[in-house]
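A look at the structure
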Amino acid sequence: SNQLKRHSLRVTLRSCGELRHKEPNIYWVDSQQKRYVPAKGEYVIGIVTTKSVDVFKVDVGGSEQASLSYLAFEGATKRNRPNVQVGDLIFAQFVVANKDMEPELVCIDSCGRSNGMGVIGPDGLLFKVLLGNARKLLSPNCDVIKDLGKLYPFEIVIGMNGRIWVKAKTIQHTLLVANVLESCKNMTNEQRKQVFNKLSENVS
């Protein structure tokens, strides 16, 4: 007989939050946690804390710092070192992230291209949001950045570690954009609509 067999799915959660599901079989936790846990393949914003002969140490907001080789930049060689200083903001990707090894970042893709990674700034504003908020802003279904950009054009870099860097035409616009992005997660659709309508009136 052609009977369908039901398979049970066991999900183990390592952090608190709302379990989300996307067809066919993608599950994730919309977490309210603030401490970032590095994961291979994720893009983050880090802060360079020290530099040695061949590596930089980068604070990514986790329990330990990550390493970043000076050769992990587009065009970098032993003679052509990247211009990276302590205190610089770095947009990078994890290539190593597990409990048995030191986290390792790179600023190049598999073809050796920067692909948008590298030193950020020097101007702009860096602020921190909950991890779930950062992931929501990175979602293809999130229209907040697109709608906000129509009113106040700005540059933005979002790290999955909850750090966001923005730069608008003026300091006032930069602070306004940051404030909206930071608070949009707690707004209902109607509240968000009211905020954007008010912003639109101020622009015109």
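Criteria and thresholds
- Residues numbered from 1 in each chain as written.
- Predicted model: local features only at pLDDT ≥ 70, side-chain atom pairs only at ≥ 80, totals over all residues.
- Heavy atoms only, no water.
- UniProt positions renumbered as here; feature names shortened; annotations may be inferred.
- Helix = DSSP H or I, 4+ residues; strand = E, 2+ residues; numbered from the N terminus.
- Buried < 20%, exposed > 50% of the residue type's maximum accessible area, 1.4 Å probe, protein only.
- Contact = heavy atoms within 4.5 Å.
- Areas by Shrake-Rupley, 256 points an atom, 1.4 Å probe, with all protein chains shown as cover.
- Polar contact = N/O pair within 3.5 Å; in protein donor to acceptor, adjacent residues only side chain to side chain.
- Core = buried A, V, L, I, M, F, W, Y, C linked by side-chain atoms within 4.5 Å.
- Phe/Tyr/Trp six-rings, centres within 6.5 Å; stacked < 30°, edge-to-face > 60°.
- Lys NZ or Arg CZ within 6 Å of the ring centre and 35° of its normal.
- Pairing = 2+ DSSP bridges.
- Axes fitted to C-alpha atoms, helices over the stretch in contact; angles between N-to-C directions.

Per an unreviewed UniProt entry, the protein chain goes by the name Exosome complex component RRP40 and belongs to Callorhinchus milii. Under the UniProt heading Sequence similarities (unreviewed entry), the note attached to the protein chain is "Belongs to the RRP40 family."

Let us now look at the overall build of the protein chain. In terms of helices and strands, the protein chain carries 4 helices and 11 strands. Here the protein chain holds 204 residues, and the buried ones make up 35% of them. When contacts within the protein chain are restricted to residue pairs at least 6 apart in sequence, those whose partners lie at least 24 apart make up 60%. Roughly 13,400 Å² of accessible area belongs to the protein chain as shown, and the carbon and sulfur atoms make up 49% of that amount.

The subject of this paragraph is the side chain of E42. Summarising the element assignment, E42 is placed in the loop between strand 2 (26-31) and strand 3 (43-51). Look at E42 and you get buried, because its relative accessible area is 15%. Within the structure, the side chain of E42 is placed 2.6 Å from the side chain of Y36, a separation counted as a polar contact. For E42, the residues in contact, after removing those within four places along its chain, are Y36, A92, Q93, F94, R135 and M160.

As a further point, take the nonpolar core. Counting 28 residues, the largest nonpolar core has L68, F73, I90 and L105 as its most contacted members. Secondary structure elements with two or more residues in this core: strand 3, strand 4 (55-59), strand 5 (66-69), strand 6 (89-98) and strand 7 (101-106). With 5 residues, the single largest contributor to this core is strand 6. Ignoring any residue separated from it by four or fewer positions in sequence, one finds L68 in contact with V55, F56, V58, F73, I90, L105, V106 and C107.

A few words on the environment of P103. Here P103 lies in strand 7. You can call P103 buried: its relative accessible area is 4%. Along the primary structure P103 and K40 are separated by 63 residues, whereas in three dimensions their C-alpha atoms are 8.8 Å apart. Non-local contacts of P103, meaning those with residues more than four positions away in its chain, are made with P38, E64, Q65, A66, S67, F94 and V96.

Another point: the packing of aromatic side chains. Counting across every chain of the model gives 3 aromatic pairs. For the pair F56 and F73, a centre-to-centre distance of 6.2 Å together with 85° between the ring planes defines the contact as edge-to-face. Placement of the pair is F56 in strand 4 and F73 in the loop between strand 5 and strand 6, with a sequence separation of 17 residues. For F73, a relative accessible area of 9% translates into the label buried. If you follow R81 out to its NZ or CZ, it ends over the ring of Y70, 4.1 Å from the centre.

It is worth spelling out the sheet that holds strand 11 (residues 163-168) at this point. Strand order across the open sheet formed by 3 strands is 9-11-10, with antiparallel pairing between neighbours. Single-partner strands in this sheet number two, and they are strand 9 (125-128) and strand 10 (154-158). With strand direction ignored, the average angle separating the axes of adjacent strands in the sheet is 20°. Looking at chain direction, strand 9 and strand 11 are connected through 4 bridges and run antiparallel. Opposite L125, over in strand 11, you have V166 as the bridge partner.

Moving on, we come to the pairing of strand 7. In terms of strand pairing, strand 5 meets strand 7 through 2 bridges, oriented parallel. The residue bridging S67 from the neighbouring strand is E104, located in strand 7. Looking at chain direction, strand 6 and strand 7 are connected through 4 bridges and run antiparallel. Considered in strand 7, the bridge of N98 is made with M101. Between strand 6 and strand 7, which pair antiparallel and follow one another directly, the connecting turn spans 2 residues.

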